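Breakdown of the fold
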Amino acid sequence: MSHLTSRPAPNSLGFATRAIHHGYDPQLHLGSLNPPVFLTSTYAFDSAAEGAARFAGEADGFIYGRVGNPTVAILERRLAELEGGEAALATSSGVGALTALIWTLLNSGDEIVADQMLYGCTFGLFEHHLPRFGIHVRFVDLTDPAGLTAALGAKTRMVFTETPSNPNMRVVDIAAIADIARRAGALFVVDNTYCTPYLQRPLELGADIVTHSATKYLGGHGDLLAGAVIASKEIIDRLRFTGVKELNGACISAFDAFLILRGLKTLTLRMDRHSATAEKLAHDLEAHPAVARVYYPGLASHPQHALAQRQMRAMGGMIALELKGGLAAGRALMDKVRIATRAVSLGDAETLIQHPASMTHATYDPDERARHGFTDGLIRISVGLEDYEDLREDLLGAL
Ligand code: 3LM
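Residues numbered from 1 in each chain as written. Predicted model: local features only at pLDDT ≥ 70, side-chain atom pairs only at ≥ 80, totals over all residues. Heavy atoms only, no water.

**Concerning the sheet that holds strand 11 (residues 352-354)**
Here five strands make up an open sheet; going across it, the order is 8-9-12-11-10 and the pairing mixed. Taken across any chain shown, the strands that pair with only one partner, and hence form the sheet edges, are strand 8 (291-295) and strand 10 (341-342). Looking at chain direction, strand 10 and strand 11 are connected through two bridges and run parallel. Note on strand 11: the bridge partner recorded for Arg-342 is Ile-353. On top of the sheet, helix 11 (residues 267-287) reaches strand 8, strand 9 (318-323) and strand 12 (379-382); it is set at about 10° to strand 9, its chief contact. (Pairing = 2+ DSSP bridges. Helix = DSSP H or I, 4+ residues; strand = E, 2+ residues; numbered from the N terminus. Contact = heavy atoms within 4.5 Å. Axes fitted to C-alpha atoms, helices over the stretch in contact; angles between N-to-C directions.)

So, in structure tokens, the structure goes:
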């Protein structure tokens with residue numbers, strides 16, 4: 001009997017079990033414990049008529065690598081299941097997921113209302129490039145849901161947020177924003193990169209669409225670039241057959257899909273460990289005399305601490321901090337650490353440290369940084385999976 005059909009229904013299984021098994025049946029693949037990597041760009045049709053039927057959507061089956069691949073399809077089933085969505089689309093990067101989404105669902109003249117703090121290249125796309133195509137973005141403070149109500153207009157088609165936000169860890173109330181967006185007829189999109197579905201499930205809280213940079217925690221090992229969108233089947237079909245097929249071509253490779261499936265097997269272990277170590281380090285850093293402020297939702301000093309505890313299973317592995325000595329002290333910290341690695345990106349086994357104003361968020365000019373609310377001195381740490389004691393000594397020693 002097939003492994004999948006003999007197995008309990010997915011909704012009776014825990015998250016870790018589904019992250020390891022969902023959507024793949026070894027018995028359908030010669031018993032192979034791991035999914036095969038289908039390295040093919042195209043697919044043979046049984047007949048001319050059958051090929052035409054596949055193109056017309058009247059027959060099941062793969063057509064061409066830009067719109068689907070069997071290894072990628074396993075990943076997509078698993079991501080949809082873990083986020084609690086109907087369907088998923090995997091892409092070649094997180095930015096590829098965003099452009100597939102926006103170029104497919106929005107038209108010239110439409111507006112987006114976005115939280116004021118976004119990952120640098122998302123901000124660059126929204127503020128510097130979408131206006132060239134007639135799509136305008138209003139940035140508001142979505143940590144205050146009343147701000148959204150005031151910003152909505154007749155042309156608002158989409159509300160967009162990260163939570164916690166990259167880099168300064170602001171936490172947005174997903175259920176409250178979802179409610180306002182729904183009543184305004186706007187699609188609510190949450191970039192869930194920082195949390196992964198293990199820590200936070202925006203669709204269950206009322207969001208319409210979840211996006212990811214799968215480069216980060218979903219892959220988990222800093223060895224690939226990928227993205228994903230999870231939403232209704234209707235939306236995902238449009239993104240696949242318009243966004244990726246005809247607009248941006250940002251299809252993921254089968255090998256990268258395989259690596260993400262491998263990474264997902266340890267997602268719960270990794271997120272628990274990232275969160276536990278980051279929580280301890282956030283407290284250590286907050287108590288240090290050289291530190292002016294630590295941004296971590298697990299700290300009682302965080303403005304949305306109570307909301308974060310309600311909305312997230314654990315507080316994740318990302319910390320931002322400002323030193324009393326400002327930017328110069330932050331740069332000195334970065335130059336002195338010996339275990340933490342000076343690098344952008346996040347979600348890897350290695351602890352990474354970087355300076356948003358000159359690196360990940362250099363797309364904000366100094367005025368924009370001030371308007372959007374993050375400082376030149378901010379330092380970001382992606383807490384890895386090393387021993388807590390070693391990281392503590394590395395960071396506090398460098399301070
Ligand atoms: C970074 N972030 O170091 P890709 N959404 C979020 C992200 O953090 C990112 C993306 C989307 C970083 C990358 S900066 C040069 C390195 C919340 C990426 C985009 O296209 O897979 O990189 O995802 O913060």
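Next, the rest of the story.
**Focus on the domain arrangement of the protein**
Parsing the protein into structural domains produces domain 1 (14-264) and domain 2 (268-398). Distance between the C-alpha centres of domain 1 and domain 2: 26 Å. The interface is formed by 43 residues belonging to domain 1 together with 38 residues belonging to domain 2. Across the domain 1 to domain 2 interface the summed buried area is about 3300 Å²; carbon plus sulfur atoms make up 59%. Counting the surface domain 1 buries against domain 2, the share from its top three residues, Tyr-198, Leu-199 and Tyr-217, is 24%. Linking domain 1 with domain 2 are one salt bridge, by the criterion used here. Taking the shortest distance from any N to any O, the salt bridge between Asp-173 and Arg-310 comes out at 3.9 Å. Here domain 1 and domain 2 share 20 residue pairs in polar contact (both at pLDDT 80 or more) between them. Of all elements in the fold, only helix 1 (15-21), helix 5 (120-129), helix 7 (174-183), helix 8 (196-199) and helix 10 (254-264) reach the threshold of two or more residues within the side of domain 1 that touches domain 2. (Domains from an automatic or database assignment. Buried area = accessible area lost by both parts, 1.4 Å probe. Salt bridge = Lys/Arg side-chain N within 4 Å of Asp/Glu carboxyl O. Polar contact = N/O pair within 3.5 Å; in protein donor to acceptor, adjacent residues only side chain to side chain.)

**Section: the UniProt feature "modified residue: N6-(pyridoxal phosphate)lysine" (unreviewed entry) in the protein**
Taken from the UniProt record, the annotation "modified residue: N6-(pyridoxal phosphate)lysine" (unreviewed entry) applies to Lys-216. You can see Lys-216 is positioned in the loop between strand 6 (209-213) and strand 7 (227-231). Exposure remark for Lys-216: the relative accessible area of 15% places this residue in the buried category. Apart from residues lying up to four places away in sequence, Lys-216 is in contact with Thr-193, Ser-345, Leu-346 and Gly-347. (UniProt positions renumbered as here; feature names shortened; annotations may be inferred. Buried < 20%, exposed > 50% of the residue type's maximum accessible area, 1.4 Å probe, protein only.)

**What about the environment of Ala-48?**
Position of Ala-48 relative to the elements: it lies in helix 2 (residues 48-55). With a relative accessible area of 72%, Ala-48 lands in the exposed category. Distance from Ala-48 to Asp-141, taken between C-alpha atoms, is 55 Å for residues 93 residues apart in sequence.

**Quick word on the pairing of strand 12**
Of the two faces of strand 12, the one lined by Ile-379 and Ile-381 and the one lined by Arg-380 and Ser-382 are each fully buried. Sheet analysis places strand 9 next to strand 12, joined by four bridges and oriented antiparallel. Among the inter-strand pairings, Met-318 is bridged to a residue of strand 12, identified as Ser-382.

**What to know about the pattern of salt bridges**
Scanning the model with the defined rule gives 17 salt bridges in all. With a shortest N-O distance of 3.2 Å, Arg-138 and Glu-111 are connected by a salt bridge. Linking Arg-138 in strand 3 (residues 136-140) with Glu-111 in strand 2 (residues 111-115), this pair joins segments that are 27 residues apart in sequence. Looking at Glu-111, the relative accessible area reads 14%, which means it is buried. One continuous salt-bridge network, built from bridges that share partners, spans Asp-115, Asp-141 and Arg-170.

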